[in-house]
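Letter by letter, the chains look like this.
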Amino acid sequence: QVQLVESGGGLVQAGGSLRLSCSASGSTSSIVTIGWYRQAPGKQRELVAVIRSGRSTNYADSVKGRFTISRDYAKNTVSLQMNSLKPEDTAVYYCNAEVPRSGSYYLDDYWGQGTLVTVSS
């Protein structure tokens, strides 16, 4: 079991910056992938950025060059530094972790409660 709690969302003007944090607890050593997804009103949830246990990363094309994901193993946190924010970045941002299920080949998904980011123009 993994528990995820996000923080750092808020209201920011276009062009500004925010830093989101996700605090993980539980079986954190088993996490193989952790990262961020977002869901805007009327849109499906989409991947923003993920980081794997091997520290490789993947970013959505729309955020490359603006967002940076990082993981602090000592603190069991993952952060998303968001720069040059645009109104289209407005969404609820969710932290997600994938953990192998004990005794099986399946991966379990764990989600945080979400944090709202609103970018005004």
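Predicted, not measured: the structure shown is a model, and the values here were computed from it. (Residues numbered from 1 in each chain as written. Predicted model: local features only at pLDDT ≥ 70, side-chain atom pairs only at ≥ 80, totals over all residues. Heavy atoms only, no water.)

(A) Summary view of the overall build of the protein chain. Each helix and strand in the protein chain was counted, giving zero helices and eleven strands. Taking 2.2 N^0.38 as the reference for a compact globule, 121 residues should give roughly 14 Å; the C-alpha atoms of the protein chain span a radius of gyration of 14 Å, in line with that estimate. Dimensions of the protein chain along its principal axes, counting C-alpha atoms only, are 50 × 30 × 25 Å. Taken across its 121 residues, the protein chain has 39% of its residues classed as buried. (Helix = DSSP H or I, 4+ residues; strand = E, 2+ residues; numbered from the N terminus. Rg over C-alpha atoms; globule rule 2.2 N^0.38 Å. Buried < 20%, exposed > 50% of the residue type's maximum accessible area, 1.4 Å probe, protein only.)

(B) View of the nonpolar core. The biggest cluster of nonpolar side chains holds 29 residues, and the ones touching the most others in it are Leu4, Trp36, Leu80, Met82 and Tyr93. Mapped by element, the contributors of at least two residues to this core are β1 (2-7), β3 (18-26), β4 (33-39), β5 (46-52), β7 (67-72), β8 (77-82), β9 (91-100) and β11 (115-120). (Core = buried A, V, L, I, M, F, W, Y, C linked by side-chain atoms within 4.5 Å.)

(C) Focus on the packing of aromatic side chains. Taken as a whole, this structure holds two aromatic pairs when the rule is applied. Taking the centre distance of 5.2 Å and the plane angle of 65° together, the rings of Tyr37 and Trp111 count as edge-to-face. With Tyr37 in strand β4 and Trp111 in strand β10 (residues 107-111), this residue pair connects regions lying 74 residues apart in the sequence. In this structure Tyr37 comes out as buried when scored by relative accessible area, which is 18%. The partly exposed category is assigned to Trp111, whose relative accessible area is 37%. (Phe/Tyr/Trp six-rings, centres within 6.5 Å; stacked < 30°, edge-to-face > 60°.)

(D) Representation of the pattern of salt bridges. Evaluation of the coordinates by the stated rule reveals five salt bridges. The partner of Arg38 in a salt bridge is Glu46, with the nearest N and O atoms 2.8 Å apart. In this structure Arg38 comes out as buried when scored by relative accessible area, which is 6%. Among the ionic pairs, Lys64 bridges to Asp61, the shortest N-O distance being 3.2 Å. Look at Asp61 and you get exposed, because its relative accessible area is 65%. (Salt bridge = Lys/Arg side-chain N within 4 Å of Asp/Glu carboxyl O.)

(E) Main features of the state of the cysteines. Within the structure shown, the criterion is met by one disulfide. The partner cysteine of Cys22 in its disulfide is Cys95, sulfur to sulfur 2.1 Å. Handedness of the Cys22-Cys95 disulfide follows from its S-S torsion of about -85°: it is left-handed. Highlighted residues: Cys22 in strand β3 and Cys95 in strand β9, separated in sequence by 73 residues. Per residue, the accessibility class of Cys22 equals that of Cys95, and both read buried. (Disulfide = S-S within 2.5 Å.)

(F) Highlighting the environment of Ile51. Tracing the backbone through its elements, the reader meets Ile51 in strand β5. Distance from Ile51 to Thr33, taken between C-alpha atoms, is 5.8 Å for residues 18 residues apart in sequence. If we ignore the near neighbours within four places in the chain, the residues touching Ile51 are Val32, Thr33, Ile34, Ser56, Thr57, Ile69, Arg71 and Val78. (Contact = heavy atoms within 4.5 Å.)

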